[in-house]
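# Report on the structure
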Amino acid sequence: MTATEVVVTRGRQRPRSASEGKPARRRTPHKSAIAIFTGPFGVLFLLFYLIPIGYAVWQSLQVVQREGTYGEPQEVFGGLAQYALVFQNAPFWESVGRVLMFGVVQVPVMLGLALLFALLLDSPVLKGKKFFRLAFFAPYAVPGVIAAIMWGFLYSPNLSPFTDVTRTIDFLSPELVLWSIANVVTWVFVGYNMLIIYSALLAIPSEVYEAARLDGAGQVRIAWSIKIPMIAPALILTAVFSIIGTLQLLAEPQVFRSFSAAVSSTYTPNMTIYATSAVPNTHLAAAFSVVLALATFVLSFVFLKVTQRKAAEA
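Small disclaimer: the values here were computed from a predicted structure and weren't measured.

### Considerations on helix 7 (residues 177–202)
The first and last C-alpha atoms of helix 7 sit 38 Å apart over 26 residues, in line with the 38 Å expected at 1.5 Å per residue. In helix 7, a bend of some 40° at Phe189 exceeds every other bend along the element.

### Concerning the packing of aromatic side chains
Using the criterion set out here, one finds 19 aromatic pairs in the structure. Feature note: the residues Trp151, Phe153, Tyr155, Phe171, Trp187, Phe256 and Phe259 constitute an aromatic cluster, connected by ring pairs. Across the ring face of Tyr267, the terminal group of Arg98 is positioned such that the distance to the ring centre comes to 4.4 Å. A cation over an aromatic ring shows up here: Lys227 above the ring of Tyr209, its NZ or CZ 5.3 Å from the ring centre.

### Remarks on the nonpolar core
The biggest cluster of nonpolar side chains holds 19 residues, and the ones touching the most others in it are Phe102, Ile181, Phe256 and Tyr267. Contributions of two or more residues to this core are made by helix 5 (144–155), helix 7 and helix 11 (251–256). Among the elements that make up this core, the one with the highest residue count is helix 7 (7 residues). With residues near it in sequence (within four places) discarded, Phe256 still touches Ala148, Gly152, Tyr155, Leu172, Val177, Ser180, Ile181, Val184 and Val263.

### Thoughts on the packing of helix 5 against helix 7
The N-to-C vectors of helix 5 and helix 7 enclose an angle of 135°; their axes lie 10 Å apart at closest approach. Relative to helix 7, the element helix 5 lies oblique. Crossing geometry of helix 5 relative to helix 7 is assigned as right-handed. Where helix 5 abuts helix 7, its residues Ala147, Ala148, Met150, Trp151 and Tyr155 lie against Ser180, Asn183, Val184, Trp187 and Val188. Class assignment of the residues belonging to the contact of helix 5 with helix 7 gives a composition of 8 nonpolar, 2 polar and no charged.

### A few points about unusual backbone geometry
Cis geometry is found at the peptide bond from Val279 to Pro280, where omega equals 5°. The residue Pro280 is located in the loop between helix 12 (269–277) and helix 13 (282–313) in this model.

### Quick word on the environment of Ile222
Mapped onto the secondary structure, Ile222 falls in helix 9 (residues 219–230). The class for Ile222 is buried, based on a relative accessible area of 1%. Considering only alpha carbons, one finds Ile222 and Tyr209, 13 residues apart in sequence, at a separation of 7.3 Å. Dropping the residues within four chain positions of it, Ile222 is found in contact with Tyr209, Ala212, Arg213, Ala217 and Lys227.

Reading guide: rules and limits
Residues numbered from 1 in each chain as written. Predicted model: local features only at pLDDT ≥ 70, side-chain atom pairs only at ≥ 80, totals over all residues. Heavy atoms only, no water. Helix = DSSP H or I, 4+ residues; strand = E, 2+ residues; numbered from the N terminus. Expected span 1.5 Å × (residues − 1). Bend = angle between axes of the 7 residues up to and from the residue. Phe/Tyr/Trp six-rings, centres within 6.5 Å; stacked < 30°, edge-to-face > 60°. Lys NZ or Arg CZ within 6 Å of the ring centre and 35° of its normal. Core = buried A, V, L, I, M, F, W, Y, C linked by side-chain atoms within 4.5 Å. Buried < 20%, exposed > 50% of the residue type's maximum accessible area, 1.4 Å probe, protein only. Contact = heavy atoms within 4.5 Å. Axes fitted to C-alpha atoms, helices over the stretch in contact; angles between N-to-C directions. Parallel < 35°, antiparallel > 145°, perpendicular 65-115°, else oblique. Left-handed = near helix turned anticlockwise from the far one by under 90°. Nonpolar A, V, L, I, M, F, W, Y, C, P; charged D, E, K, R; others polar.

Next comes the structure, spelled out in structure tokens:
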């Protein structure tokens, strides 16, 4: 074919360029309406997300210098000096290792319970689903600080109504306090993750269940072979949320400092950042924040890619 084609129009032939055969590019209608609806979100996203991140990065690149011992402090560009201090800070990395150990145990337990509760709610065997759905979700309505205070009193040997248990097992000891905090976090967030998983279960077509029952599959077989594989994206989503939340752990251990001497001011990465900024050393705290944000992003991204690859291979 040459650059032109022969087109027959009412018995006549005329040359047509090759570009005439291409479909016309569609114009996006109602551009002004799109801008009106997305504009407020864009402004808020810029003001409360992008600008704070940029400011934190800029602060992490600053250092304070003085002329003499009592000279006026001045902020000057220090390059990566604050990040060098971050990687030399042993308490910060100990806190990172602590929350990673926390997440390795707590996240699977929490998501396992959330999946179990969601499957029970979706099962035709369970009665009173509205009551149990509300009962499972109710702890999430309790603010994390209030939940931590409530559990702190339950764990305290001198305040708990279960004194026989708390005096036998010291839940606030250095060996157990991390898992006592894990229990609080699990109690609060199981219902939240359960609702995400339960919503995914409701989206599965009923025809799939009917076909499985015709093949003789029971409820356990349907749950294992059909429901769980089909809600894998929801499970991955809740796992990513949980990883992010684990590295941001702050409210519960901060409250537990009032109940246990085992919880220090650098017990978690966010507590280390908070304590550093209160010194005040905002530049080092900003560097801690940037490093923690990057670590959270890398962990979440790697987990997402690994699970997606395994799902594709399956």
